[in-house]
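If you want the building blocks of each chain, they are given just below.
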Amino acid sequence: MSFTWISSYWPLLLTGAWQTVALLVISVVFGFIIAIGLAFAQVSGGRLTRLLARGYCTFFRGTPLLIQLWLLYYGVGSLLPMVPGIRQSLFWPILREGFFFAAVSFTLNYAAYEAEVLRGALLAVPKGELEAGRAFGLSPWKLTRRIWLPRAIRIALPTIAGEIVMQLKATPLAFTVTVMDLYAVANKVRQDTLLVYEPLLVVTLFYLALTAVIARVLRGLEAQVPVRR
Amino acid sequence: MATAQQGILDLLAPYPPGWGGVLLTGAVSTVAISACAFAIGLLLGTGGALGKLSGNRALRLMLDLYTTLIRAVPELILIVGLYYAGTDGLNRLLAALELPPVNVNGFVAAVAVLGFVQGAYMTEVLRGAILAIPTGQIEAAKAFGMGPVLRFRRVLLPALLPNALPGLANLWMSVTKDSALVAVVGYQELALATRLAGASTKHYFIFFLASALLYLAITLASNVVFKLIEGRVRRGQPRLA
């Protein structure tokens, strides 16, 4: 075991950690927003929206994230340049990057899993609370915003913490599309120094630390919500 | 439009100019890897669950380390790390025994690594399922004078299966998807076959979509199978709502 390489790779490790965290935060935040729409579409949508949302969740939960990522990066990525004018557009520098494709596919994937969690939680909100809201004359929109959704999120919070950790554990896949995340740094160290286990070990400690932080933050969040026992 | 359709069908044709055969072979090896890994995981998990519940402190500490570590570390890191560590460790062992080094077959390595990972998750699923069995049933079996093996086979196993099945089904779904990660260490299954097909024809989109649909088919078929098994192990139980 030798860890002398750390001193020269320290900045790279921090960049990698930053990329990993950025991917995680982007996919969780945007994925959660999409998931809210998907969950409501399944719980209270019409036939068609319900079917579409169900199909979306089945597709993204039934196929490996790696395939989704590659479908987007290699598949859509190879079709994009055919769109006229896109190379000259403002967005091209972003659309060329692996990071963009990783962020989009992780977001879509996270949304599908989170939507299932939220769907269950929406159905688990006690009927009486919704009826009370209606009796107060809340409009459906206000009822959803003030009672239904917040209560559902509260119910789903412990599960959400688990889902975020699962998402963190999926981020190393981004290295297959040239994103310099934590895992990619371990890979680079291996190529440069021929050390296999040490970089993996160090990177694993980073992931464990991130997991601990997520658990701590969500526990704090849970404590913020008043519960009467 | 008609010519484009023809082109796609040609690309996915099951025999050589088309790549359909390669994809299907990849799908078969994905299912084979998953099934073998699932079986190994089931063995490790049963042992792990019984070990954790056996009351032996040292054994429980070791198993706790195993399950916590495996479940906390990203799958990709585990697969890559165990792949190198496993083949390397085996060859060092052989060298110590003064035997010639072997080249570990990709299939065996993939199954061993995924099985080892599955084992940790199965340990927890099965432990929970065993804990959910009413103690009276086990005490009754003891009172009838059943030995541990007979008790396991006749009482514990049939009673834990309905509890464990949803968890086991989830694990099966996750192993079929995790097996795609084996592509990263270079074993040819569906994901890598797809990349190969895409790279040599430049029709990435079509091939990845096709393989996504193949994975989806595997998932949906497994859903049906697990539903049938669940109906079987729950026979005679009162149905809830």
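Note that the coordinates shown come from a computational prediction; the quantities given were computed from them, not determined experimentally.

Trainee: I tried to follow the overall build of chain B on my own but got confused; where do I start?
Mentor: In terms of regular secondary structure, chain B is built from nine helices and zero strands. Taken from the N to the C terminus, the helices and strands of chain B come in the order α-α-α-α-α-α-α-α-α. Considering only C-alpha atoms, chain B reaches an extent of 75 × 60 × 30 Å along its principal axes. Each of the 241 residues in chain B was classed as buried or not, and the buried ones make up 42%. Taking the intrachain contacts of chain B between residues at least 6 apart in sequence as the baseline, contacts between residues at least 24 apart amount to 75%. Approximately 12900 Å² of chain B is accessible, and the part contributed by carbon and sulfur atoms is 68%.

Trainee: Help me out: how do you make sense of the overall build of chain A in this one?
Mentor: Counting its secondary structure elements, chain A contains nine helices and zero strands. Its helices and strands in sequence order give chain A the pattern α-α-α-α-α-α-α-α-α, from N to C terminus. Overall size of chain A, expressed as C-alpha extent along the three principal axes, is 70 × 50 × 30 Å. Looking at chain A as a whole, 49% of its 229 residues qualify as buried. On chain A, roughly 12000 Å² of surface is accessible, and the fraction owed to carbon and sulfur atoms is 68%. Measuring between centres, the 21 positive side-chain charges of chain A sit 10 Å from its 10 negative side-chain charges.

Trainee: Explain the UniProt feature "transmembrane region" (unreviewed entry) in chain A to me, please; I cannot follow it from the model alone.
Mentor: All names here are of chain A. In this structure's numbering, the residues bearing the UniProt feature "transmembrane region" (unreviewed entry) are residues 20-41, 53-74, 94-113 and 200-218. Within residues 20-41, the helical portion is 100% and the strand portion 0%, while the C-alpha atoms at the span's ends are 31 Å from each other. Its end C-alpha atoms 27 Å apart, residues 200-218 is made of 100% helix and 0% strand.

Trainee: Explain the interface of chain B and chain A to me, please; I cannot follow it from the model alone.
Mentor: It is common to give the size of an interface as the accessible area lost on bringing the parts into contact. The interface is formed by 31 residues belonging to chain B together with 30 residues belonging to chain A. At the boundary of chain B and chain A, one finds one salt bridge. The tally of links from chain B across to chain A stands at ten residue pairs in polar contact (both at pLDDT 80 or more). By residue number, the principal contributor to the side of chain B that touches chain A is helix H9 (residues 204-233) of chain B, which donates eleven residues. Grouping the amino acids of the side of chain B that touches chain A by side-chain chemistry returns 23 nonpolar, three polar and five charged.

Trainee: Can you walk me through the environment of A:Thr211 in this structure?
Mentor: All names here are of chain A. Position of threonine 211 relative to the elements: it lies in helix H9 (residues 197-224). Threonine 211 gets classed as buried once you look at its relative accessible area, which sits at 17%. Expressed as a C-alpha distance, the spacing of threonine 211 and alanine 53, which sit 158 residues apart in the sequence, is 30 Å. When neighbours within four sequence positions are excluded, threonine 211 is seen to be in contact with Val165 and Leu168.

Trainee: What exactly am I supposed to notice about the packing of aromatic side chains here?
Mentor: Geometrically, a pair of aromatic rings is defined through the distance of the ring centres and the angle of the planes. Summed over all chains, the structure comprises 15 aromatic pairs over all chains. When the centroid spacing of 5.0 Å and the interplanar angle of 20 degrees are considered together, the rings of A:Tyr74 and B:Tyr204 count as stacked. Here B:Tyr204 lies in helix H9 and A:Tyr74 lies in helix H3 (residues 65-79), a pairing that spans two chains. Exposure remark for A:Tyr74: the relative accessible area of 16% places this residue in the buried category. Their ring planes at 80 degrees and their centres at 6.0 Å tell us that B:Tyr83 and B:Tyr84 sit as a pair that is edge-to-face. Three or more aromatic residues joined by ring pairs make a cluster, and in this case those are A:Trp70, A:Tyr73, A:Tyr74, A:Phe100, A:Phe101, B:Tyr204 and B:Phe208.

Trainee: Explanation requested: the packing of H9(A) against helix H4 (residues 75-96) of chain B in the structure shown.
Mentor: A pair of packed helices is captured by two measures, namely the crossing angle of their axes and the spacing between those axes. In contact at an axis separation of 11 Å, H9(A) and H4(B) are set at 150 degrees when each is read in the N-to-C sense. When the axis of H9(A) is compared with that of H4(B), the two are roughly antiparallel. Regarding H9(A) and H4(B), the two cross each other, and that crossing is left-handed. Contacts between H9(A) and H4(B) pair A:Tyr197, A:Leu200, A:Val203, A:Thr204 and A:Tyr207 from the former with B:Ile77, B:Gly81, B:Tyr84, B:Ala85 and B:Asp88 from the latter.

Trainee: Looking at this structure, how should I read the UniProt feature "transmembrane region" (unreviewed entry) in chain B?
Mentor: All names here are of chain B. When the UniProt feature table is mapped onto this chain numbering, "transmembrane region" (unreviewed entry) sits at residues 19-44, 65-84, 104-121, 155-173 and 204-226. Structurally, residues 19-44 is divided into 96% helix and 0% strand, and its ends, taken at the C-alpha atoms, are 37 Å apart. Spanning residues 204-226, this segment combines 100% helix with 0% strand, and its end C-alpha atoms are found 33 Å apart.

Trainee: I would appreciate a short explanation of empty space enclosed by the protein in the present structure.
Mentor: This model, assessed by the stated rule, comprises one cavity of 30 Å³ or more. Approximately 50 Å³ is the volume attributed to the largest cavity. Taken together, A:Tyr183, A:Ala186, A:Asn187, A:Arg190, A:Val196, A:Pro199, A:Leu200 and B:Val80 form the lining of the largest cavity. Elements with a minimum of two residues in the lining of the largest cavity: helix H8 (182-193) and H9 of chain A. Ranked by the residues each element gives to the lining of the largest cavity, the list is headed by H8(A), at four residues.

Trainee: I keep staring at the pattern of salt bridges and nothing clicks. Help me out?
Mentor: Inspection of the entire model under this criterion finds nine salt bridges over all chains. Residue A:Asp192 pairs with A:Lys188 through a salt bridge whose shortest N-O separation is 3.3 Å. With a gap of four residues between them, A:Asp192 and A:Lys188 both fall in helix H8, about one helical turn apart. Assessed through its relative accessible area of 31%, A:Lys188 is described here as partly exposed. Residue B:Arg234 pairs with B:Glu230 through a salt bridge whose shortest N-O separation is 3.1 Å. One network of salt bridges, with partners in common, ties together B:Lys52, B:Asp64, B:Glu124 and B:Arg127.

Rules used throughout
Residues numbered from 1 in each chain as written. Chains lettered and ligands numbered in written order. Predicted model: local features only at pLDDT ≥ 70, side-chain atom pairs only at ≥ 80, totals over all residues. Heavy atoms only, no water. Helix = DSSP H or I, 4+ residues; strand = E, 2+ residues; numbered from the N terminus. Buried < 20%, exposed > 50% of the residue type's maximum accessible area, 1.4 Å probe, protein only. Contact = heavy atoms within 4.5 Å. Areas by Shrake-Rupley, 256 points an atom, 1.4 Å probe, with all protein chains shown as cover. Lys, Arg positive; Asp, Glu negative; His and termini not counted. Charge placed at Lys NZ, Arg CZ, Asp CG, Glu CD. UniProt positions renumbered as here; feature names shortened; annotations may be inferred. Salt bridge = Lys/Arg side-chain N within 4 Å of Asp/Glu carboxyl O. Polar contact = N/O pair within 3.5 Å; in protein donor to acceptor, adjacent residues only side chain to side chain. Nonpolar A, V, L, I, M, F, W, Y, C, P; charged D, E, K, R; others polar. Phe/Tyr/Trp six-rings, centres within 6.5 Å; stacked < 30°, edge-to-face > 60°. Axes fitted to C-alpha atoms, helices over the stretch in contact; angles between N-to-C directions. Parallel < 35°, antiparallel > 145°, perpendicular 65-115°, else oblique. Left-handed = near helix turned anticlockwise from the far one by under 90°. 1 Å grid on protein atoms, 1.4 Å probe; cavity = no way out; pocket = protein on both sides within 12 Å on 5 of 7 lines; lining within 4 Å. Points joined across faces, edges and corners; volume = space filled by probe spheres on them.

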